[in-house]
Number of protein chains: 4
Amino acid sequence: MIVIVKPQATAEQMEHLLERIRQYGLQPMVSTGSERTVVGLLGDERLLPDGALESLPAVEQVMPILKPYKLVSREFKSTDTVIEVRGIPIGGRQIQVIAGPCSVETPEQMRSSAEAVKAAGCRLMRGGAFKPRTSPYTFQGVGDEGLDYFRTAADAAGLPIVTELMDVRKIDLFLEKGVDIIQIGTRNMQNFDLLKEVGRLDVPVILKRGLSATIKEWLMAAEYIAAHGNHRIIFAERGIRTFETAYRNVLDVTAIPVLKRETHLPVIVDPSHAGGKAWLVPQLSKAAIAAGADGLLVESHPCPEEAWCDADQALSPEQLTTLMGDLRRIAEAIGREL
Amino acid sequence: MIVIVKPQATAEQMEHLLERIRQYGLQPMVSTGSERTVVGLLGDERLLPDGALESLPAVEQVMPILKPYKLVSREFKSTDTVIEVRGIPIGGRQIQVIAGPCSVETPEQMRSSAEAVKAAGCRLMRGGAFKPRTSPYTFQGVGDEGLDYFRTAADAAGLPIVTELMDVRKIDLFLEKGVDIIQIGTRNMQNFDLLKEVGRLDVPVILKRGLSATIKEWLMAAEYIAAHGNHRIIFAERGIRTFETAYRNVLDVTAIPVLKRETHLPVIVDPSHAGGKAWLVPQLSKAAIAAGADGLLVESHPCPEEAWCDADQALSPEQLTTLMGDLRRIAEAIGREL
Amino acid sequence: MIVIVKPQATAEQMEHLLERIRQYGLQPMVSTGSERTVVGLLGDERLLPDGALESLPAVEQVMPILKPYKLVSREFKSTDTVIEVRGIPIGGRQIQVIAGPCSVETPEQMRSSAEAVKAAGCRLMRGGAFKPRTSPYTFQGVGDEGLDYFRTAADAAGLPIVTELMDVRKIDLFLEKGVDIIQIGTRNMQNFDLLKEVGRLDVPVILKRGLSATIKEWLMAAEYIAAHGNHRIIFAERGIRTFETAYRNVLDVTAIPVLKRETHLPVIVDPSHAGGKAWLVPQLSKAAIAAGADGLLVESHPCPEEAWCDADQALSPEQLTTLMGDLRRIAEAIGREL
Amino acid sequence: MIVIVKPQATAEQMEHLLERIRQYGLQPMVSTGSERTVVGLLGDERLLPDGALESLPAVEQVMPILKPYKLVSREFKSTDTVIEVRGIPIGGRQIQVIAGPCSVETPEQMRSSAEAVKAAGCRLMRGGAFKPRTSPYTFQGVGDEGLDYFRTAADAAGLPIVTELMDVRKIDLFLEKGVDIIQIGTRNMQNFDLLKEVGRLDVPVILKRGLSATIKEWLMAAEYIAAHGNHRIIFAERGIRTFETAYRNVLDVTAIPVLKRETHLPVIVDPSHAGGKAWLVPQLSKAAIAAGADGLLVESHPCPEEAWCDADQALSPEQLTTLMGDLRRIAEAIGREL
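Just so you know, these numbers come straight off a predicted model, no measurement behind them. (Residues numbered from 1 in each chain as written. Chains lettered and ligands numbered in written order. Predicted model: local features only at pLDDT ≥ 70, side-chain atom pairs only at ≥ 80, totals over all residues. Heavy atoms only, no water.)

Engineer: Looking at this structure, I do not really get the overall build of chain A. What am I missing?
Structural biologist: Looking only at helices and strands, chain A features ten helices and 14 strands. C-alpha atoms of chain A, sized along the principal axes, occupy 75 × 45 × 40 Å. Considering chain A as a whole, with its 338 residues, one finds that 68% of them fall into the buried category. Long-range pairs, those at least 24 residues apart, make up 68% of the contacts in chain A between residues at least 6 apart in sequence. Accessible surface, chain A as shown: approximately 10900 Å² in total, 50% of it carbon and sulfur. (Helix = DSSP H or I, 4+ residues; strand = E, 2+ residues; numbered from the N terminus. Buried < 20%, exposed > 50% of the residue type's maximum accessible area, 1.4 Å probe, protein only. Contact = heavy atoms within 4.5 Å. Areas by Shrake-Rupley, 256 points an atom, 1.4 Å probe, with all protein chains shown as cover.)

Structure (structure tokens):
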């Protein structure tokens, strides 16, 4: 950590700063330049309370040197982590497309969804029994029995399941139903109590990026899960909020190579929520794979216009099949496989 | 709701659109203009699943006419709601400044905080026993016993208490300790399960705005609480996330008059989290009151530089007293009182 | 255009609204719904002054139905426009990578840049003689003679040149030197006097997206050029400003398919300015091509670390050559060629 | 400037870094910590080309210590600059409200505008003869003769005039007509050639903030003007672009105290463009003054609904008069005068 001292700081204020630094168990190193005095701190700067030095009268600015994340960082583990889910690798050479409906609706809809997902060549399936909806008056998900419909349909097709957990009180149910990957949604990326609880489980977690979460905040949210013991974390970029109103979110492809440099964990992309329209999904999916994503989360539905939610962003079975073919060519062009 | 039809839509696609509208129990009214055909929908458009019409081939764009919030809207109740907390009115002519430390630390710190808050002329006190922290490695709040320290100190000074609830499993504890106002924090503004639960309580709720929540999303989050039965909701603007890096957040003063027009509920402002620096608090506080806020949430600490978190944004007891004097003059200038 | 009437509007206010609409030469059509009255406007809504109806007491909201751009829209011309520059097509099946240094430095640097650009297989070259710099104290470009260095070097390699115009007073110089494509930079996207002037020229224009320009504003900026007579316009996405600080800008890949749907004009991408770092350029370039971009603007330099500006974002000749190979495979995977 | 060295940097890469630093005339000072090596640079870091060190293989991150602006900074001049315009002080204890129409329309409209501005107690007048409009098909300002209408009307009322300059080729006209304050608009904040030219004039300049300009970029734009000789610069905050769609822009009140700390120059606010609606202007104006602004730019019109542009954001003469009374009370409450 580097502390920039105000040019007008008095000797007394300076002394007070140095004293405080030592009180936190750190060693100050003062360099006096022509325009500014700078104090370097030797030791683990992560011990300092937030804002502790900034509040002192001598201080102009405090600049951290170390990154605040450890377990999820490339410095901690330099090789790519591959997460195996029932034998299916996420994070390796093979790219995984996780498809399925926005929400679980009926046993029949799930059966037919699972068949289409399987037929298109996908190896994992997604679907939500509990839905985070902006309005209290819209469909909130079918709830507990939805997990049964999903489990049954996916088992019949031999697909591991990914579903969203919103409430700590549902964890036992998720374990009982053998959810294969737990998804933490955008609105819960910084629901720290939920992160701590999934950190105690032995189930892989897909951690979606918050609507306006920085890369650093996202990595720190993953660090919460890892710090509580669960290292099987998959990052899912799903578009960020910007000033643009022509589409729902802006898919942040830059996040893909940046995350791959900062963390050893897999990175996937959700083009359906990013663009918010089915017709955008193919181009965004191709961009994500070309930029180095390890997989995708794609919404598909046996009959999109009849979907109970997000009807305008689901792919039909035919569209999903076509997409898989297109992505296979991109994967090969970059030396990977689908 | 208004549906704009694509110029190239076929008669068959158009018929399909009209059929779907009728299936949802709405009545379509077609107007054919020179450049576009427009379909108006008569009936309660809130019944339509999201994206249902957008997914149809005839549709260029769907534009809602009605606002999605009801119970919290001015249309539902045209007069200002005043929320009484132990006889202290929030939302009326009198402005309330809720002050206190970022986090509960020790019984002594809370005692001395409460005295300073009382002495400065504030009528309610804030403080957090559970802290949502970006890093799993920093201080997470003193936890359950913190509520005792807070309760004891505030009771001695005769101040009702405001504290943040992050986890549904702590609700019984909050009720047992008689928390006077429950705060839902920025990161939980769309934690819908938590909103539903506080919606079932008979305790006023301060609902902070999410980091990048739109006014509409914020009103809908309040609607969740109201729809479950609790109508005593106070909005707290606390700065939004933008591209600017010179300060932590941008205090959105425009939100104050806009909310006051859209909702009958009180609106307060948190200048401490908005600016992130103690030296900014006075100017931001004055701006908030001048713009029509019904109150403030201000961080104060007996000795800011020793605070266990956010040391750089807490006011000292002297600074808080000075601020109250400054705000009293602004309040009088706009015909209110402090 | 659709006008939503306030529920509390009086008959007199309503009559005033209808009168005003007729005064602007439009025909009002009133539909009375259960919760709102809506007025549709028949005629060319583009004739209404901004805010004219919004200012009336009866009006709750005004919603445009037509898009404000014409000449650049797909509705105006449904087939892709291919812009030929000295026989090189931009906007067709062949993808163009326009490479070269951030700034023109010396005749030797330009000669060696041009050779490397040519050798890598690029067909056009970029370079700036006039540089828009954030600071008045940094290098501002070599100026007029820079165009000579550029022209000479590019001619020797047989490459058409692309260079930025910042000042209307330099147009004669640009014409005299035969600049093949004029670039309008990010900071001048809404410099309307400059847009009008290039609109009068017979030279293709690359129009970069403003730092926080919406798709609509960007299309309207192009409409300025087209409305003054010059229809040879190429859009260049170069990253947008967001809250994220881990990289300079966020490359908005979603803009590519959305623009391709809204306009018949070519769309290219500048991955160098988007990411701001050379190591990000390959992944962003691949994403852009996979998403359907018609070309790229890439910074390259004979010796990046000695570049006079943006040293950290230029590719070396070897890196450029490698990139071209990688992009060729992506191009083939999507049925195009490089 | 502080350079953080990559943990994996080789001795050779480190030596290369030190060499390069010395080549730029700076002195490197190496500190080896337990986790990172840090190099401090002694000397004027402003001499380094952008990105020069970042491009080197040893470098993880470069952190500037000095601020890039000089002449406009508080460090350069610690006391507030008061700019006198025909005897009217801007930046002192007295607050100035500059009112007038969005655009000059007719001699009669300007005469009646000037009378209303004067009668309300304002001391300066605004109005645009040249308008930066998003669409090429809307009213672009009455042009040259507009300055005459404005000059005549304002002279009759004894008001100095403020008007926007968009094109360097209009400078002679502006000087000839004796424009008292030249306004540089939002879209031209980084039109560097225009900034250089107004930097050579002896006329005060109002520099509006770019739509998404950071405080630093805005200060640097002012530095361009100052570096070319003109130190009479007034900053005008006018709302920034964010994700919020409920109002046009977000008035950034935090920018006011932050600018007042960073620069000695006056800071005013444009509440009309910030909110985009007349009904928001009073609350935003009060907030701006309470936060410490030195003045306002307010749109007013003899008959807002007939204004040729921005009809929905102009105040009527009565509304302007009421506003002035309200602001006078706020000014007194904070120890200033209006």
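The discussion continues.
Engineer: Explanation requested: the relation of the copies chain D and chain C in the structure shown.
Structural biologist: Here two copies of a chain appear, and what relates them is a rotation about an axis with a shift along it. Placing chain D over chain C gives an RMSD of 0.0 Å and needs a rotation angle of 180°, together with 0.0 Å of translation along the axis. Expressed as a symmetry operation, the mapping of one chain copy onto the other fits a two-fold axis. Ranked by how close their C-alpha atoms come to the rotation axis, the residues of chain D are headed by D:Ser212, at 3.2 Å. Mapped onto chain C, 100% of the interface residues of chain D again fall at the interface, so both copies present the same surface. (Least-squares fit on C-alpha atoms with pLDDT ≥ 70 in both.)

Engineer: Whenever I open this one, the relation of the copies chain D and chain B confuses me. Can you help?
Structural biologist: Between chain D and chain B, the superposition needs a rotation of 180° and an axial shift of 0.0 Å, giving an RMSD of 0.0 Å. Taken together, the interface assignments show that 100% of the residues at the interface of chain D recur at the interface of chain B, consistent with an identical surface on both copies.

Engineer: Is there a simple way to think about the domain arrangement of chain A in this case?
Structural biologist: Under the domain assignment used here, chain A contains domain 1 (2–63) and domain 2 (83–333). The distance between the C-alpha centroids of domain 1 of chain A and domain 2 of chain A comes to 44 Å. (Domains from an automatic or database assignment.)

Engineer: I keep staring at the sheet that holds strand β8 (residues 124–126) of chain A and nothing clicks. Help me out?
Structural biologist: Within a sheet, neighbouring strands are paired by backbone hydrogen bonds and run either parallel or antiparallel to one another. All names here are of chain A. Taken together, the eight strands give a closed barrel; going around it, the order is β7-β8-β9-β10-β11-β12-β13-β14, and neighbouring strands pair in parallel fashion. Strand-to-strand twist across the sheet, computed as the mean angle between neighbouring axes with direction ignored, equals 25°. Pairing geometry for β8 and strand β9 (residues 161–164), over two bridges, is parallel. Opposite Met125, over in β9, you have Ile161 as the bridge partner. (Pairing = 2+ DSSP bridges. Axes fitted to C-alpha atoms, helices over the stretch in contact; angles between N-to-C directions.)

Engineer: When you look at unusual backbone geometry in this model, what are you seeing that I'm missing?
Structural biologist: Generally, phi is negative for residues other than glycine and the peptide bonds are trans, each holding for most cases. Its identity as a non-glycine residue notwithstanding, B:Asp310 has a phi of 50°, on the positive side. Tracing the sequence through the fold places B:Asp310 in the loop between β14 (295–299) and α10 (317–333).

Engineer: Sorry, what's going on with the packing of helix α2 (residues 107–120) of chain A against helix α3 (residues 144–157) of chain A here?
Structural biologist: How two helices pack is summed up by the angle between their axes together with the distance between the axes. Residue and element names in this part refer to chain A. Packing of α2 against α3 leaves a shortest axis separation of 8 Å and a crossing angle of 35°. In this structure, α2 meets α3 at a crossing whose hand is right-handed. Along its contact with α2, which presents Pro107, Met110, Arg111, Ala114 and Lys118, the element α3 presents Tyr149, Phe150, Ala153, Ala154 and Ala157. Residues belonging to the contact of α2 with α3 are distributed by class as follows: eight nonpolar, no polar and two charged. (Left-handed = near helix turned anticlockwise from the far one by under 90°. Nonpolar A, V, L, I, M, F, W, Y, C, P; charged D, E, K, R; others polar.)

Engineer: Help me out: how do you make sense of the UniProt feature "domain: DAHP synthetase I/KDSA" (unreviewed entry) in chain A in this one?
Structural biologist: When the UniProt feature table is mapped onto this chain, "domain: DAHP synthetase I/KDSA" (unreviewed entry) is found at residues 87–323 of chain A. For the annotated span residues 87–323 of chain A, helix accounts for 36% and strand for 15% of the residues, and the straight-line distance between the end C-alpha atoms is 24 Å. (UniProt positions renumbered as here; feature names shortened; annotations may be inferred.)

Engineer: Please clarify how the packing of helix α5 (residues 192–199) of chain D against helix α6 (residues 215–227) of chain D should be interpreted in this entry.
Structural biologist: All names here are of chain D. Viewed as axis vectors pointing N to C, α5 and α6 meet at an angle of 45°, and their least axial separation amounts to 7 Å. With respect to α6, the element α5 is oriented oblique. Handedness of the α5/α6 crossing: right-handed. Between α5 and α6, the contacting residues are Phe192, Leu195, Lys196, Val198 and Gly199 on the first element and Ala221, Tyr224 and Ile225 on the second. Looking at side-chain class alone, the contact of α5 with α6 contains six nonpolar, one polar and one charged residues. (Parallel < 35°, antiparallel > 145°, perpendicular 65-115°, else oblique.)

Engineer: I keep staring at the pattern of salt bridges and nothing clicks. Help me out?
Structural biologist: When the charged atoms of two side chains with opposite charge come close together, those side chains can pair. Counted by the stated rule, this structure contains 124 salt bridges over all chains. The salt bridge involving B:Lys177 is made with B:Asp148; its shortest N-O contact spans 2.8 Å. Taken together, the residues span a long stretch of sequence, with B:Lys177 in the loop between α4 (171–176) and β10 (181–184) and B:Asp148 in helix α3 (residues 144–157) at a distance of 29 residues. On the basis of relative accessible area, B:Asp148 is assigned to the partly exposed category, the value being 34%. D:Arg151 serves as the salt-bridge partner of D:Asp155, at 3.2 Å between the closest nitrogen and oxygen. Here D:Arg151 and D:Asp155 lie together in helix α3 (residues 144–157), a separation of four residues that amounts to about one turn. Overall, D:Asp155 belongs to the partly exposed group, its relative accessible area being 42%. By relative accessible area, which is 10% here, D:Arg151 ends up buried. Beyond isolated ion pairs, a larger network of salt bridges with shared partners links A:Arg86, A:Arg151, A:Asp155 and A:Asp180. (Salt bridge = Lys/Arg side-chain N within 4 Å of Asp/Glu carboxyl O.)

Engineer: Would you mind showing me how to read the interface of chain D and chain B here?
Structural biologist: At the interface, 36 residues of chain D touch 36 residues of chain B. Both faces considered, chain D and chain B share a buried interface measuring about 3000 Å² in area, 72% of it formed by carbon and sulfur atoms. Taken as a group, D:Phe243, D:Tyr247 and D:Trp279 account for 21% of the area that chain D buries against chain B, more than any other trio of residues on that side. Applying the counting rule to chain D against chain B returns two salt bridges. A salt bridge links D:Glu244 to B:Arg209; the nearest nitrogen and oxygen atoms lie 2.8 Å apart. The interface formed by chain D and chain B contains nine residue pairs in polar contact (both at pLDDT 80 or more). Broken down by secondary-structure element, the contributors of at least two residues to the side of chain D that touches chain B are α7 (255–262), α9 (281–290) and α10 (317–333) of chain D. (Buried area = accessible area lost by both parts, 1.4 Å probe. Polar contact = N/O pair within 3.5 Å; in protein donor to acceptor, adjacent residues only side chain to side chain.)

Engineer: Help me understand the environment of B:Glu197, please; the structure alone is not making it clear to me.
Structural biologist: Residue placement: B:Glu197 occurs in helix α5 (residues 192–199). Here B:Glu197 falls in the buried class, since its relative accessible area comes to 19%. Along the primary structure B:Glu197 and B:Ile225 are separated by 28 residues, whereas in three dimensions their C-alpha atoms are 7.9 Å apart. Those residues in contact with B:Glu197, other than ones at most four positions away along the chain, are A:Arg169, B:Val168 and B:Ile171.

Engineer: It is not clear to me how the interface of chain D and chain C should be interpreted in this structure. Could you clarify?
Structural biologist: Across the contact, 51 residues belong to chain D and 51 residues belong to chain C. Here chain D packs against chain C, burying approximately 4300 Å² in sum over the two surfaces, 48% of which is carbon and sulfur. Taking the shortest distance from any N to any O, the salt bridge between C:Arg20 and D:Glu306 comes out at 3.9 Å. The tally of links between chain D and chain C comes to 29 residue pairs in polar contact (both at pLDDT 80 or more). Elements with a contribution of two residues or more to the side of chain D that touches chain C: α1 (11–23), α5 and α6 of chain D. With five residues, the single largest contributor to the side of chain D that touches chain C is α6(D). When its residues are assigned to classes, the side of chain D that touches chain C shows 21 nonpolar, eleven polar and 19 charged.

Engineer: Quick question: what am I supposed to make of the pairing of strand β12 (residues 233–237) of chain C here?
Structural biologist: The two faces of the sheet receive side chains in turn, since in a regular strand these alternate between them. All names here are of chain C. Most of β12 sits out of view: five of its five residues are buried. Both faces of β12 are covered, namely the face carrying Ile233, Phe235 and Glu237 and the face carrying Ile234 and Ala236. As judged from the four bridges shared by strand β11 (residues 205–208) and β12, these two strands associate in the parallel manner. Pairing of Ile206 across the sheet is with Ile234, part of β12. As for the winding sense of the linkage, the β-α-β connection from β11 through helix α6 (residues 215–227) to β12 is right-handed. Bridge count between β12 and strand β13 (residues 267–269): three bridges; the pairing is parallel. In the strand pairing of β13, Glu237 is matched with Val269. (Right-handed = clockwise from strand over helix to strand, strands pointing away.)

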